[in-house]
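Per-entry structural report
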Amino acid sequence: MPTTPNRQHTPTIVLIGHGMVGQRFLEALADRGVTERARIVVFCEEPRPAYDRVRLTSYFDGKTPDDLSMVEDGFLARHGIELHLDDPAETIDREARTVTSRAGRVIAYDTLVLATGSFPFVPPVPGKDATGCFVYRTIEDLLAIEEYAKTARTGAVVGGGLLGLEAAGALKGLGLETHIVEFAPRLMPVQVDEGGGAALLRTIENMGLIVHTGTGTQEVLTENGAVTGMALSDGSTVATDMVVFSAGVRPRDQLARDCGLTVGERGGIAVDERCRTSDPAVYAIGECALAADGRVYGLVAPGYEMALTAAAAIADEQGQTFTGADTSTKLKLLGVDVASFGDAHGTAEGCLDVVYSDSRAGVYKKLVVDADGVLLGGVLVGDAESYGMLRPMTGTKPPVAPEQLVLPAGAGAPVTLGPSALPDDAIICSCHNVTKGAICACSSLPEVKKCTKAGTGCGSCVKVIQQLLPKPADTGMCGCFSYTRSELFEIVRTMRFTSYGQLLDSHGREEARGGEGCEICKPAVASILASLHNEYILDGERAALQDTNDHFLANMQRNGSYSIVPRIPGGEITPEKLIVIGEVARDFGLYTKITGGQRIDLFGARVDQLPAIWARLVDAGFESGHAYGKSLRTVKSCVGQTWCRYGVQDSVKMAIDLELRYRGLRAPHKLKSAVSGCARECAEAQSKDFGVIATANGWNLYVGGNGGATPRHADLLAQDLSDAELIRLIDRFLMFYIRTADRLERTATWLERLEGGLDHLRDVIVHDKLGLCDELEAQMAAHVASYHDEWAETLNDPERLRRFVSFVNAPDAPDPSVKFVPERGQIKPDLTVLTLEPLEGASAR
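Since the structure is predicted, the reported quantities are computational estimates derived from the model, not experimental observations.

1. Some thoughts on the nonpolar core
Judged by nonpolar contacts, the single largest core of 59 residues is most densely connected at Phe481 and Leu761. Top element by residues in this core is helix H22 (residues 723-740). It accounts for nine residues. Discounting residues that sit within four places of it in the chain, phenylalanine 481 has contacts with Gly476, Leu488, Tyr500, Leu503, Leu504, His507, Gly508, Arg509, Cys521 and Val525. Core analysis: the second largest hydrophobic core is formed by 54 residues, Leu112, Ala256, Cys275 and Ala315 among them.

Given below as structure tokens:
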């Protein structure tokens, strides 16, 4: 790196721009030890550090700005990096080698790196600056769009490319009727060809979006300074309340122009193969740079490669150059898989196309090959499952005929290629330029991400990475079974086993057969049996399999007492039922608390009191709330459109319907849900295992969220569903989770572990890719039809009631260790009382 002759001088590197590429550059400097011997100063125009702009739209699916952050906690401090947020660089003095910021900071540099990115192109049409016009580029843009959409009914997006379709999806998700205006004759004209564009158009129009192709925006119509519509170049008009411009980007090269650096004729800071500008002390990387091959790259992967190249040059490493990059892309836009790679448009002389198209299914696949069968590129719309295999094969002759690579299973595609067929030098992760060989040198996905960064970019390579990694030697649940929980579920279902003993003796490990099992597999198998057969859980052998709480159909508390949690669907309760709860609490001296799940918990009951308490509750119409089981707990609700002036659907009724449908459903872990009556989300549905948010057109379904020690926002699975569609998808989701999750695995952990993640889940339960949906629905229907209240059944059977005693040979004796002291007009456990000896002659259970 350039330095002054003074040996005591600490060189200063100034980075202008802290986006994804800028952060990758800082990480590359740290990896090379440059941060230990140089001062690093960063100017950032935005009010927050680098975040994942590729996944920007996931903000509307429940991700927070913190979720999108790309800066590891403590990274900047650990490497002594000075980051100035909300303080862009305004001038560069190359002669004095200084940068001056908007806040007046003047920093002298030895090396300057420009990572200023790009800015959205807004067509110079009348009305473009009216109230209600937005661009779609930053988190602040999204926050402004979200706020304005609350008062709008219709939105229009100018631009039908990658970001334009994401913006359209966001507006649709906010409940707006949405138009897309694209000047080109097809959507995504850069990535897909005419056939792919037609398939994409059909699918998107079937979602209810209105697409205008082959026409441009002539004017934004306004009234009192606010948007009311758009006039298009074909003479038509579109009535709209807001306009989002997403018509491409331009390099942000004004700083370079102002200080005299060479820029391209059509923009972009000219750099050489080492990413140096016309001034050897200044580098440019990312979307602001005009690469040596004469291109400005608008994708993150080439930007990352430039960042590594510049960092290597500054660290005085030889060999790293940037001469061009792979522009392959794979995205899911509005729920549609779209991918392109290599020479997708077939520009090479003499190339040939191999095409498969199914307009009914919205699937289009095209491979471009040369006369010798070498794969040159391709386009995939509607089904991009093979992208992870095809892209690394680009430039090689596949081992099978090209048509076998595009035909669906069962339609003449007898050969399925796996990642093992790829050579070691095949690039698996194009974002970080990671080869198959580098991935195979790791033993787990976390290790791959940590050591190579593969899988941390767009994420399209994760499935292939998982297929390349070695499988664990023994995936068995425990010492009794060599099978996973999901495998045991399928065994029990297929063999129609009804007892743990049958399963252990037929499919247990040899040394475990004939035994009693262990505390790991017994509750797991009990849950499987309950999920499949829904029989009374404490009869016969099943009683010995249950967790502690299930033994007494109640939650044990810290002092040995139990809690009673009656079900209150949707939090809706009559005054009469409230009075009963109050009377029961008063008569039995119980502590009462209204929970965050819209129920009333009663604490402090002895085990021998449980039947008497539940007898009164059942008589009043209450039933078990299953707070003790790995099952559905509650479906929380706001008051919805019945009472709230913002509500757009009846969230209370839906919450009650869902809770009554899934009550008693046994699962690998507890299940929580919520229904919000509008996008204001008062029921906090996005923190639940499955959550529902009302839109003007129906319901949005979110899955895989949870609070707790490791909170996770749920992911948007489907939008604008009718009541019947919503319930059908939840049926499928819950049964697929129950079938495939590991023991004690919440839906959040399961979804993150699920191979293919949300995309695979959507393929299975929305698109029925595996042909399981009828079976999943039938399983849920069987559960609903066989539901029984466990406490009502218990009370009607004297034999079952015999277990509810503190001491088996002194059934009328209370447990003397259960003591309480008064607090705030109620009781609390007396924690000064330790475990006492049983009454003389009595045997504790």
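What follows picks up the thread again.
2. Description of the pairing of strand E31 (residues 600-605)
Within E31, five of the six residues are buried, leaving the element largely enclosed by the surrounding structure. Summarising the sheet, strand E29 (residues 562-564) and E31 pair through three bridges and their orientation is antiparallel. Bridge pairing links tyrosine 562 to alanine 605 in E31. Between strand E30 (residues 591-594) and the antiparallel strand that follows it, E31, lie five residues; glutamine 598 among them carries a positive phi value of about 60°.

3. Quick notes on the sheet that holds strand E16 (residues 242-245)
One open sheet accounts for five strands, arranged E9-E16-E10-E11-E12; its pairing is parallel. The open sheet is flanked by strand E9 (133-135) and strand E12 (210-213), the only strands paired with a single partner. Strand-to-strand twist of the sheet, defined as the mean angle between neighbouring strand axes without regard to direction, takes the value 20°. Here strand E11 (residues 177-182) pairs with E12 via four bridges, running parallel. Across the sheet, residue histidine 179 finds its bridge partner in E12, namely isoleucine 210.

4. Examining the sheet that holds strand E5 (residues 98-101)
Working definition: the strands of a sheet are paired by backbone hydrogen bonds and lie parallel or antiparallel to each other. The three strands are arranged E4-E5-E6 in an open sheet whose pairing can be described as antiparallel. Two strands close off the open sheet at either side, each with one partner strand: strand E4 (89-93) and strand E6 (106-108). Each strand of the sheet is rotated relative to its neighbour by a mean of 20°, with strand direction disregarded. Pairing analysis gives four bridges linking E4 to E5, with the strands arranged antiparallel. Looking across to E5, one finds that threonine 91 is bridged to threonine 100.

5. Things to note about helix H5 (residues 139-149)
Within H5, burial applies to Ile139, Asp141, Leu142, Ile145 and Ala149. Seen from one end, H5 has its buried residues packed into an arc of 150°, which puts them on one side. Those residues of H5 that are buried are in contact with helix H3 (65-68), E9, helix H6 (162-173) and E16. If you check the start of H5, you find a side-chain oxygen 3.3 Å away from the backbone N of glutamate 140, and it comes from threonine 138.

6. Remarks on the packing of aromatic side chains
One pass over the structure, following the stated rule, counts 13 aromatic pairs. Where phenylalanine 736 meets tryptophan 750, the ring centres are 6.0 Å apart and the plane angle is 70°; that geometry is what we call edge-to-face. On the criterion of sequence distance, the pair formed by phenylalanine 736 in helix H22 and tryptophan 750 in helix H23 (residues 747-753) is long-range, its members being 14 residues apart. With a relative accessible area of 5%, phenylalanine 736 lands in the buried category. Owing to a relative accessible area of 0%, tryptophan 750 belongs among the buried residues under this scheme. Taken together, the ring pairs connect Phe552, Tyr562, Trp614, Trp791 and Phe804 into an aromatic cluster. Over the ring of phenylalanine 121 we find arginine 250, and its NZ or CZ is 4.1 Å from the ring centre. The side chain of lysine 577 reaches across the aromatic face of phenylalanine 622, ending 5.1 Å from its centre.

7. Brief notes about the pairing of E30
Here E30 runs beside E31; their pairing, made up of four bridges, is antiparallel. Bridge assignment links threonine 592 to a residue of E31, and that residue is leucine 602.

8. A few points about the pattern of salt bridges
Tallied over the entire structure, the rule returns 46 salt bridges. Taking the shortest distance from any N to any O, the salt bridge between lysine 366 and aspartate 193 comes out at 2.9 Å. Taken as a pair, lysine 366 in strand E24 (residues 363-369) and aspartate 193 in the loop between E11 and helix H7 (194-206) lie far apart in primary sequence, 173 residues in all. Each member of the pair, lysine 366 as well as aspartate 193, carries the same accessibility label: buried. In this structure, glutamate 823 and arginine 824 form a salt bridge, with 3.3 Å as the shortest nitrogen-oxygen distance. On the accessibility criterion, arginine 824 (71% relative accessible area) is exposed. Each of Glu490, Arg493, Arg739 and Glu775 takes part in salt bridges that share partners, so that together they form one network.

9. Regarding the confidence of the model for the protein
Of the residues in the protein, 94% have a pLDDT of 70 or more, and the chain-wide mean is 88. Low pLDDT, under 50, characterises residues 1-7; the stretch is placed with 14 contacts to residues that sit more than four places away or in other chains.

10. Focus: H6
Taking 1.5 Å per residue as the helical rise, H6 with its 12 residues ought to reach 16 Å, and the 17 Å between its terminal C-alpha atoms agrees with that figure. Within H6, 10 of the 12 residues are buried, which leaves the element mostly enclosed by the surrounding structure. Taken as a whole, H6 has its buried residues at Leu162, Gly164, Leu165, Glu166, Ala167, Ala168, Gly169, Ala170, Leu171 and Lys172.

11. Let's talk about unusual backbone geometry
The phi torsion of most residues other than glycine is negative, and most of the peptide bonds are trans. Even without a glycine there, the phi angle at arginine 97 is positive, about 55°. Positionally, arginine 97 belongs in the loop between E4 and E5. Positive phi values are uncommon outside glycine, yet histidine 626 reaches one of about 55°. By the element assignment, histidine 626 lies in the loop between helix H20 (610-619) and strand E32 (632-637). The exposure class of histidine 626 is buried, given its relative accessible area of 0%.

12. Comments concerning the environment of glycine 264
Within the secondary structure layout, glycine 264 lies in the loop between helix H8 (254-258) and strand E18 (269-270). For the pair glycine 264 and proline 446, spaced 182 residues apart in sequence, the C-alpha separation works out to 41 Å. Excluding residues within four positions of it along the chain, glycine 264 makes contact with Arg257 and Leu290.

13. Some details on the side chain of threonine 57
With respect to the helices and strands, the residue threonine 57 is situated in the loop between strand E2 (39-43) and H3. Residue classification places threonine 57 among the buried residues on the basis of a relative accessible area of 15%. Residues within four places of threonine 57 in sequence aside, it is in contact with Tyr136, Glu166 and Ala170.

14. Regarding the side chain of arginine 666
Turning to its location among the elements, arginine 666 is positioned in the loop between helix H21 (651-662) and strand E33 (671-676). Given a relative accessible area of 5%, arginine 666 falls into the buried group. For arginine 666, the side chain forms a polar contact with the side chain of glutamate 790, separated by 2.6 Å. Apart from residues no more than four positions distant in its own chain, arginine 666 is found in contact with Ser527, Ala530, Ser531, Ile537, Asp550, His626, Tyr628, Gly629, Lys630, Ser631, Ile738 and Glu790.

15. Here we look at the packing of H21 against H22
Where H21 contacts H22, the two axes come as close as 12 Å, and the packing angle between them is 35°. In this structure, the crossing between H21 and H22 has a hand that is right-handed. When H21 is examined against H22, the residues Met654, Leu658, Arg661 and Tyr662 are found in contact with a partner set consisting of Asp723, Leu726, Ile727, Ile730, Asp731 and Leu734. In the contact of H21 with H22, the residues fall into seven nonpolar, no polar and three charged.

16. Let's talk about the environment of leucine 221
Relative to the assigned elements, leucine 221 resides in strand E13 (residues 217-223). For leucine 221 and alanine 231, which are 10 residues apart along the polypeptide, the C-alpha to C-alpha distance reads 6.9 Å. In this structure leucine 221 touches Ala226, Val227, Thr228, Gly229, Met230 and Ala231, once residues within four positions along its chain are discounted.

What counts and what doesn't
- Residues numbered from 1 in each chain as written.
- Predicted model: local features only at pLDDT ≥ 70, side-chain atom pairs only at ≥ 80, totals over all residues.
- Heavy atoms only, no water.
- Core = buried A, V, L, I, M, F, W, Y, C linked by side-chain atoms within 4.5 Å.
- Buried < 20%, exposed > 50% of the residue type's maximum accessible area, 1.4 Å probe, protein only.
- Helix = DSSP H or I, 4+ residues; strand = E, 2+ residues; numbered from the N terminus.
- Contact = heavy atoms within 4.5 Å.
- Pairing = 2+ DSSP bridges.
- Axes fitted to C-alpha atoms, helices over the stretch in contact; angles between N-to-C directions.
- Arc of directions from axis to C-beta.
- Polar contact = N/O pair within 3.5 Å; in protein donor to acceptor, adjacent residues only side chain to side chain.
- Phe/Tyr/Trp six-rings, centres within 6.5 Å; stacked < 30°, edge-to-face > 60°.
- Lys NZ or Arg CZ within 6 Å of the ring centre and 35° of its normal.
- Salt bridge = Lys/Arg side-chain N within 4 Å of Asp/Glu carboxyl O.
- pLDDT = per-residue confidence, 0-100.
- Expected span 1.5 Å × (residues − 1).
- Left-handed = near helix turned anticlockwise from the far one by under 90°.
- Nonpolar A, V, L, I, M, F, W, Y, C, P; charged D, E, K, R; others polar.

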